[in-house]
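Listed here are the chains, written in short residue letters.
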Amino acid sequence: MEYNPFLNFCKVLDEAAATAKIAPEDYEVLKHPERELKVALPIIRDNGKLEVFEGYRVQHSSLRGPCKGGIRFHQDVNVDEVKALAAWMTFKCAIVNIPYGGGKGGVKVDPHTLSESELEKLTRRYTAAILPLIGPQQDIPAPDVGTNAQSMDWLMDTYSMMRGYAVPGVATGKDIEVGGSLGRTEATGRGIMTVTRLVAEKHGIKKARVAVQGAGNVGSISAKLIAKNLGFDIVAISDVSGGIYNADGLDMNSVGAFLAKKGLLKDYSAQGVKHITNEELLMCECDILIPAALENQITAGIAEKLKASIIIEAANGPTSVEADAVLASRNIDVYPDILSNAGGVVVSYFEWAQNLQSLYWEEADVNRMLDKVMVRAFGDVEKTAEEYGVTLRLAAYITALKRLTRAAKLRGIFPR
Ligand code: GLU
């Protein structure tokens, strides 16, 4: 059967609702995104030829506040993926208890095949196409896979030009000079580091071998902060070109410098380092595995064989539903994406709040507040897991679902 992340989301949702005895009519609405927009994006390529790309913006829920979520530029983007990513944002924001619903956008394109000026044109055309849906009180985009601060700067500028005045609160994850928040670039990785610290405290772990799949913003910063602040060994890290492994721990300063210069790990060499595939990375000798790449990486087959005893999900949806069952039967704890990787959207919330107030915070304050929110959410999910005797993923869904169904009850249905 073809992998459909939105149907997987609905499956986990049903299981969470059944466990918490939430009636189907009280959460049915969450199986239907509020709005789905598909757009065609013509641009003139550098060679003078016209090319039309396909894009989406999905608003899953605005029950708890404006929709919030990133924009992905990737060749595999499709509507079911965007719907799932939007739904996960709704749940993520509910778990960390920030006043947002969930949304997500995507353009089906491999951004590495476009020049800087083509990327700018595509981002601006996409912004113009989704303009009726976005706005600081409606739906607030942010970076995701294949986009970055520059993409958000262009989005904010395009939106502002169409309105006739500067609207920094229309997007988060922007550069500091145009209304970005200190600490936003590192926020998802910092949140992963906090969750790793809390997991280690809970299990009395003093030293751990950590493997990280992915060396983009989230993977590379998580690895760097875990090595630096927790003193754990990063034994493996990978990117699209494959991975590197050293049982004694990689020198993350040297790996970071290499990546900054060359972009890919492919030709990295150092004493004791061997090259492995992405699949080998997932199954390598380690204590903590951090998938920080794309969806559906840990399949049932990999779940049977992987050696880590703890998984902390930094990517969205890296573990398949079937793999989850295998991991549970093997007593491997999975700290789910919608809890673990929420640091990004938490600091997005801080950025948006700073934009709306035109009052900017110091980095230490941003980091302290982020830590506080992550610690609270971690505690809420742990407590729910104990209360119902369920996996952390189900506990995370239940935590969010209770907040969402409560909001739905209070708001009621319009019109009655
Ligand atoms: N794309 C990130 C995520 O999946 C961040 C979203 C945001 O900051 O709005 O959580």
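This structure is a prediction, so every number in the text was calculated from the model and none was measured. (Residues numbered from 1 in each chain as written. Predicted model: local features only at pLDDT ≥ 70, side-chain atom pairs only at ≥ 80, totals over all residues. Heavy atoms only, no water.)

Colleague: I tried to follow the overall build of the protein chain on my own but got confused; where do I start?
Modeller: Each helix and strand counted, the protein chain has 15 helices and 12 strands in total. Sequence separation of at least 24 residues holds for 69% of the intrachain contacts in the protein chain that already meet a minimum separation of 6. Accessible surface for the protein chain amounts to roughly 17700 Å². Of this, 52% is attributable to carbon and sulfur atoms. A distance of 3 Å separates the average location of the 47 positive side-chain charges in the protein chain from that of its 51 negative side-chain charges. (Helix = DSSP H or I, 4+ residues; strand = E, 2+ residues; numbered from the N terminus. Contact = heavy atoms within 4.5 Å. Areas by Shrake-Rupley, 256 points an atom, 1.4 Å probe, with all protein chains shown as cover. Lys, Arg positive; Asp, Glu negative; His and termini not counted. Charge placed at Lys NZ, Arg CZ, Asp CG, Glu CD.)

Colleague: Teacher, can you tell me more about the environment of I237 here?
Modeller: One can find I237 in strand 7 (residues 233-239). In this structure I237 comes out as buried when scored by relative accessible area, which is 0%. In this structure, the C-alpha to C-alpha distance between I237 and K31, residues 206 residues apart in sequence, is 35 Å. (Buried < 20%, exposed > 50% of the residue type's maximum accessible area, 1.4 Å probe, protein only.)

Colleague: Please explain the site of the ligand as it appears in this structure.
Modeller: Around the ligand there are 14 residues in total, and K68, K92, P143, D144 and S348 lie nearest to it. Within the side chain of K104, an N or O atom sits 3.0 Å from an oxygen atom of the ligand. Between R184 and the ligand, the recorded distance is 3.1 Å, taken from a side-chain N or O atom to an oxygen atom. For the ligand, whose accessible area on its own is 300 Å², the fraction buried by protein is 94%. (Near = heavy atom within 4 Å. Polar contact = N/O pair within 3.5 Å; in protein donor to acceptor, adjacent residues only side chain to side chain.)

Colleague: I'm lost on the packing of helix 1 (residues 5-19) against helix 15 (residues 392-411) in this one. Help?
Modeller: When two helices pack together, their arrangement is given by the angle between their axes and by how far apart the axes lie. Close contact between helix 1 and helix 15 brings their axes to 9 Å; oriented N to C, the two are set at 75 degrees. If you check the angle between helix 1 and helix 15, you find them roughly perpendicular. Packed against helix 1, whose contacting residues are F9, V12, L13, E15, A16, A17 and T19, the element helix 15 presents R393, L394, Y397, I398 and L401 at the interface. (Axes fitted to C-alpha atoms, helices over the stretch in contact; angles between N-to-C directions. Parallel < 35°, antiparallel > 145°, perpendicular 65-115°, else oblique.)

Colleague: Before we go on, may I ask you to explain the pairing of strand 10 (residues 288-291) in this structure?
Modeller: Two faces make up the sheet, and in a regular strand the side chains alternate between them. Along strand 10, one buried face is formed by I288 and I290 and the opposite face, lined by L289 and P291, is buried too. Where strand 6 (residues 209-213) meets strand 10, four bridges bridge the pair, whose relative direction is parallel. Following the sheet pairing, V210 is matched in strand 10 by I288. Taken together, the two bridges between strand 10 and strand 11 (residues 310-312) define a ladder with parallel strand orientation. Residue pairing across strands places L289 opposite I311, the latter belonging to strand 11. (Pairing = 2+ DSSP bridges.)

Colleague: How should the sheet that holds strand 6 be read in this particular structure?
Modeller: Sheets are built from strands that pair by backbone hydrogen bonding, the pairs being arranged parallel or antiparallel. The strand order 9-8-7-6-10-11-12 describes an open sheet built from seven strands, whose pairing is mixed. With one partner strand each, in any of the chains shown, strand 9 (274-276) and strand 12 (333-335) form the two edges of the open sheet. Neighbour-to-neighbour, the strand axes of this sheet turn through a mean angle of 20 degrees, independent of strand direction. Packing against the sheet, helix 7 (residues 217-230) makes contact with strand 6, strand 7 and strand 10, and its axis sits at approximately 170 degrees to strand 7.

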